[in-house]
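Spelled out from the first residue to the last, the chains are:
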Amino acid sequence: GTHVVTGSNDTLVKIWNAETGAEVCTLTGHTGWVQVVAFSRDGTRIVSGSNDHLLKIWDAGSGAEVCTLRGHTGEVFSVAIFPDGKRIVSGAGDNPVKIWDVETGAEVFTLRGHTDVVISVAISPDGTRIASGSRDELVKIWNAETGAEVCT
C-alpha cells in the first residue's frame, strides 16, 4: 500500500503517506506509549497496543476508533492480525497470549504457558498457528483454532 502507520511515546498513532512522507491522519485515544501497531492485510483496519494495557482497532480510511480491547493487565508489546482480518493476537507484560475477535471485540482465547513478558507474536501465513516469544527465553507454537499449545 501507499500508507504506513507508527505509534509513539506521545500516545499517538499516525498514518503516513509512504511515498511523500506526509502525515495523513493522527489517531488519538491511548493514554500511554503506543508500542506496537499493525495494518490488516487488506489495509482497512489498524490495531495498536500501548502501555496503557489496551489494544485499539481503528478504521484506516477514516481514522475512527472502532473498538477498545480490554483484558491485558500489563503493557501490550506485540500484536498481529490474522490473514483473514477477523482476529487479532496480542502479547503483553501479563504473560498470556490473547486472541481477540475483531468484529465483537471479545476475547476468544487466553493462551497460558509463558512465565514472563510476551514480547513477540506472529501468525502463520495460513492463520492456523501462532508463535509467541517471551522473556522466559521460550518460543511457543499454538493452534489458532483451539488455543492448544502445539510445542515449545
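Predicted model only: the values in this text are computed from it and were never measured.

The rules behind the values
Residues numbered from 1 in each chain as written. Predicted model: local features only at pLDDT ≥ 70, side-chain atom pairs only at ≥ 80, totals over all residues. Heavy atoms only, no water. Pairing = 2+ DSSP bridges. Helix = DSSP H or I, 4+ residues; strand = E, 2+ residues; numbered from the N terminus. Axes fitted to C-alpha atoms, helices over the stretch in contact; angles between N-to-C directions. Salt bridge = Lys/Arg side-chain N within 4 Å of Asp/Glu carboxyl O. Buried < 20%, exposed > 50% of the residue type's maximum accessible area, 1.4 Å probe, protein only. Core = buried A, V, L, I, M, F, W, Y, C linked by side-chain atoms within 4.5 Å. Contact = heavy atoms within 4.5 Å.

Peer 1: What is the right way to look at the sheet that holds strand β12 (residues 118-123) in this model?
Peer 2: What the four strands build is an open sheet, ordered β12-β13-β14-β15; its pairing is antiparallel. In the strand order of this sheet, the two ends are held by β12 and β15 (149-151), each with one partner. Shown here is a sheet whose adjacent strand axes are inclined to one another by a mean of 30 degrees, direction ignored. In the sheet, strand β13 (residues 129-134) pairs with strand β14 (residues 139-143) via five bridges, with the strands oriented antiparallel. Across the sheet, I130 pairs through a bridge with W142, a residue of β14.

Peer 1: Looking at this model, I keep getting lost on the pattern of salt bridges. Mind explaining?
Peer 2: Should their charged atoms come close, side chains of opposite charge can pair. Counted by the stated rule, this structure contains six salt bridges. The residue D59 makes a salt bridge to R45 at a minimum N-O spacing of 3.2 Å. Linking D59 in strand β6 (residues 55-59) with R45 in strand β5 (residues 45-50), this pair joins segments that are 14 residues apart in sequence. Given a relative accessible area of 24%, D59 falls into the partly exposed group. We classify R45 as partly exposed; its relative accessible area is 28%.

Peer 1: Explain the nonpolar core here, please?
Peer 2: Nonpolar side chains tend toward joint burial in soluble globular proteins. Residues V47, L55, I57, L69, V76, V79 and I88 are the most contacted members of the largest nonpolar core, which totals 14 residues. For this core, the secondary structure elements donating two or more residues are β4 (34-39), β6, β7 (65-69), β8 (76-81) and β9 (87-92). Per-element accounting of this core gives the leading share, three residues, to β8. When residues no more than four places from it in sequence are discounted, the contact partners of V79 are V36, V37, A38, V47, L55, V89, S90 and V121. Within the second largest apolar cluster, twelve residues are counted, among which are L111, V118, I130 and W142.

Structural measurements only, silent on function.
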